[in-house]
Amino acid sequence: MIKAAIFDFDGTLANTLPDLCTSLNLMRAHFGYQPITDKDVLRAVNNATVRFIRMCLPDDFDDARMDEAVEAYFAAYAKYYLDKTAPYEGVAELLARLRADGIGLAVMSNKDNEHVGEMTEALFPGAFDAIWGTVEGVPVKPDPARASMIAEEFSVKPEEVAFVGDSDVDMITAKNAGMLPIGVSWGYRSAEILKKAGAAYVADDTEELYKIIKSLI
């Protein structure tokens, strides 16, 4: 019986790719590098912010300048993080229906905690009971630590939690935490990748996702 649902953010709740690309390319321009493509950025998505930035820099980049790269990225992202980012169709309605059904709702992302909070509240005001990004001292996905903490906060068992995401990292996190892995195919990874990573279900749209969770309540 499902009593709570944890949602990934990027690629699951909202399409953040355009603003990620803009910010990364402004950071790259700071160092004199040419722009990279959406495909390059997608390769790095799902990692914690510093690793995400490093994967979008050349292999021979001087890691002694990573603090400078992170600062340049955040300076750009502060301007553009809600420029073109938008919720996926039907997500707001899905969340409202789940809340009406008594499901506890949380966001868990490898994005930095400050931006996760600001973006979630801007796009889905009041929709979630808990919102978590990367914080010092708590391992990032696919480590299950944060997911387990959310289950404890909601006073539910891990097996009573649906973990919803668009990536293999999310599915592995769910399995590591003993939660039900549910993939969504509208994000940054294919249904095939999600299934190979252990997704128990893969939804192609929010209506299908609602029906899956509703059937498990």
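Residues numbered from 1 in each chain as written. Predicted model: local features only at pLDDT ≥ 70, side-chain atom pairs only at ≥ 80, totals over all residues. Heavy atoms only, no water.

Asker: Got a minute to help me understand the packing of helix α5 (residues 91-100) against helix α10 (residues 206-216) in this structure?
Answerer: Any two packed helices are characterised by how steeply their axes cross, that is the angle between the axes, and by the distance between the axes. Look at α5 against α10: their axes get within 9 Å of each other, and the N-to-C directions meet at 15°. By the angle between their axes, α5 is roughly parallel relative to α10. Once α5 is placed against α10, the crossing between them reads as right-handed. Listed contacts from α10 to Val91, Leu94, Arg97 and Leu98 of α5 are Thr206, Glu207, Leu209, Tyr210 and Ile213. (Axes fitted to C-alpha atoms, helices over the stretch in contact; angles between N-to-C directions. Helix = DSSP H or I, 4+ residues; strand = E, 2+ residues; numbered from the N terminus. Parallel < 35°, antiparallel > 145°, perpendicular 65-115°, else oblique. Left-handed = near helix turned anticlockwise from the far one by under 90°. Contact = heavy atoms within 4.5 Å.)

Asker: Even after reading the chapter, I still don't get the sheet that holds strand β6 (residues 161-165), so can you show me in this structure?
Answerer: What links the strands of a sheet is backbone hydrogen bonding, and the strands pair in either a parallel or an antiparallel sense. Strand order across the open sheet formed by six strands is β5-β4-β1-β6-β7-β8, with parallel pairing between neighbours. A single partner strand is all that each edge strand has here, and the edge strands are β5 (130-134) and β8 (201-203). Along the sheet, successive strands turn relative to each other by an average axial angle of 25°, direction set aside. In the sheet, strand β1 (residues 4-7) pairs with β6 via four bridges, with the strands oriented parallel. Bridge assignment links isoleucine 6 to a residue of β6, and that residue is phenylalanine 163. Against the sheet, helix α7 (residues 145-153) engages β1, β4 (104-112), β5 and β6, with an angle of about 155° to β4. (Pairing = 2+ DSSP bridges.)

Asker: Looking at this model, I keep getting lost on the pairing of β6. Mind explaining?
Answerer: Regular strands place side chains that alternate from one sheet face to the opposite one. The buried count for β6 comes to five of five residues, which makes it a mostly enclosed element. Side-chain alternation along β6 places Val161, Phe163 and Gly165 on one buried face and Ala162 and Val164 on a second face that is also buried. Read as a crossover between parallel neighbours, the route from β6 over helix α8 (residues 168-177) to strand β7 (residues 180-184) is right-handed. (Buried < 20%, exposed > 50% of the residue type's maximum accessible area, 1.4 Å probe, protein only. Right-handed = clockwise from strand over helix to strand, strands pointing away.)

Asker: Just to check I follow, could you spell out the pairing of β7 for this structure?
Answerer: Most of β7 sits out of view: five of its five residues are buried. Note that β6 and β7 share four bridges and pair parallel. Residue pairing in the sheet places phenylalanine 163 in a bridge with proline 181 of β7. Pairing of β7 with β8 involves three bridges; the strand directions are parallel. Pairing of valine 184 across the sheet is with alanine 203, part of β8. Assessed by its sense of winding, the connection that carries the chain from β7 through helix α9 (residues 191-196) to β8 is right-handed.

Asker: Can you help me understand the pattern of salt bridges in this one?
Answerer: A side chain of one charge can pair with a side chain of the opposite charge when the charged atoms of the two come close. Per the counting criterion, the structure on display carries ten salt bridges. Close ionic contact of aspartate 8 with lysine 141 constitutes a salt bridge, the shortest N to O distance being 3.0 Å. Placement of the pair is aspartate 8 in the loop between β1 and β2 (14-15) and lysine 141 in the loop between β5 and α7, with a sequence separation of 133 residues. Taking relative accessible area as the criterion, lysine 141 reaches 6% and is therefore assigned buried. Between aspartate 129 and arginine 99 there is a salt bridge, and its shortest N-O distance comes to 3.3 Å. Here arginine 99 lies in helix α5 and aspartate 129 lies in the loop between α6 (113-123) and β5, a separation of 30 residues in the sequence. Using a relative accessible area of 35% as the deciding quantity, one classes arginine 99 as partly exposed. Here the salt bridges share partners, and the residues they tie into one network are Asp8, Lys141 and Asp170. (Salt bridge = Lys/Arg side-chain N within 4 Å of Asp/Glu carboxyl O.)

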